[in-house]
Amino acid sequence: MLKKIGFCLLLASTTCWAGDKAIIGSTEQMSVGQAGLSYEARIDTGAVNTSLHAFDLEVEGGSEKKMKDNIGKNLSFTTENEEGEQKRLTAKIVKTSTVSNSQGRETRYMVDLDVGFQGKERKVRVNLRDRSHMDYKLLIGRNWLKGRYVVDVSEKKVIGPVAPISILESGLIFDTRIDTGAVENSLHAVDLVVENGEEDMEKNIGKRLSFTTENEKGESHRVTAMIVETSLIRNAQGSEVRYMVELTVGQPGQEYKVKVNLKDRSKMSYKFLIGRNWLQGHYMVDVSL
């Protein structure tokens, strides 16, 4: 995980900025300019060089016995993406590369190709090998990433400062404030009733609590959930203890369980506030959205 994430700009589906370097996920849709094909590329920080699926390799003018003696000659080969689209390419052999893996050692031809996000490709050295038995026909190695990109394998999504968020137990969607300054999520709740409740809030942990919540459109629903803990909240008005329950929260169709504290937010513009306990490990916030 990145220790420091700078200002995040949404460039494409998953590309953001960490300082002066872009953040990309563990897989990305990329293209090879000379082929005019799009590939679902594996981003592999363990690989020194970028690798492209290639077969039917032919050295123009005939191949020498030693592969390195073919450096400088033109090489014709066919590449194919995951959709089965093929293209015959010709490129100059600029180097050979010996690769060690679990199958042993093999030497591959290397050529210079334009690789990257469509319309933003740049020239990089690529080794050629038959990747027909592999899930990814294009593998992006460190020689393409270095100095320009950091890889976020968690593939966190980007969310703006306000977003429509669903709470499944309520059947409602809230126009929600995304607040990185808040530790916890907080939901508007009134008419709280604890089954067999006691005055000491701590003694009600584990009991069932019913409450009414309402979104910004005035739609309301009665919800019942178990009290999982209490939370001491400090703010400009002082401090208060709130009940916390577990609810299924998220963008519609992408909800997951998270703890939520309950408070009367009737005087607040946003009836639901998302804090770091929902964002952490899942989302990055771009306040410009």
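Everything quoted here is computed from the prediction, not taken from an experiment.

### Some details on the overall build of the chain
- The helix and strand inventory of the chain stands at two helices and 23 strands.
- Over its C-alpha atoms the chain spans a radius of gyration of 27 Å, topping by over 25% the 19 Å that the globule rule assigns to 289 residues.
- When the 289 residues of the chain are sorted by exposure, 43% land in the buried category.
- Within the chain, counting contacts between residues at least 6 apart in sequence, those at least 24 apart form 54% of the total.

### Examining the packing of aromatic side chains
- Following the criterion strictly, the structure yields six aromatic pairs and no others.
- Arranged with centres 6.3 Å apart and planes meeting at 70°, the rings of Phe117 and Trp144 form a pair that is edge-to-face. Of the two residues, Phe117 sits in the loop between β9 (104–116) and β10 (122–129) while Trp144 sits in helix α1 (residues 142–145), which places them 27 residues apart along the sequence. The same class applies to Phe117 as to Trp144, namely buried.
- Taking the centre distance of 5.6 Å and the plane angle of 5° together, the rings of Tyr256 and Trp278 count as stacked. Remark: Trp278 occurs in helix α2 (residues 276–279) and Tyr256 occurs in strand β21 (residues 256–263); sequence separation between them is 22 residues.
- Taken together through their ring pairs, the aromatic side chains of Phe117, Trp144 and Tyr149 make up a single cluster.
- For the cation-ring pair, Arg122 lies above Trp144, with the distance from its terminal atom to the ring centre recorded as 4.6 Å.

Basis of the calculations
Residues numbered from 1 in each chain as written. Predicted model: local features only at pLDDT ≥ 70, side-chain atom pairs only at ≥ 80, totals over all residues. Heavy atoms only, no water. Helix = DSSP H or I, 4+ residues; strand = E, 2+ residues; numbered from the N terminus. Rg over C-alpha atoms; globule rule 2.2 N^0.38 Å. Buried < 20%, exposed > 50% of the residue type's maximum accessible area, 1.4 Å probe, protein only. Contact = heavy atoms within 4.5 Å. Phe/Tyr/Trp six-rings, centres within 6.5 Å; stacked < 30°, edge-to-face > 60°. Lys NZ or Arg CZ within 6 Å of the ring centre and 35° of its normal.

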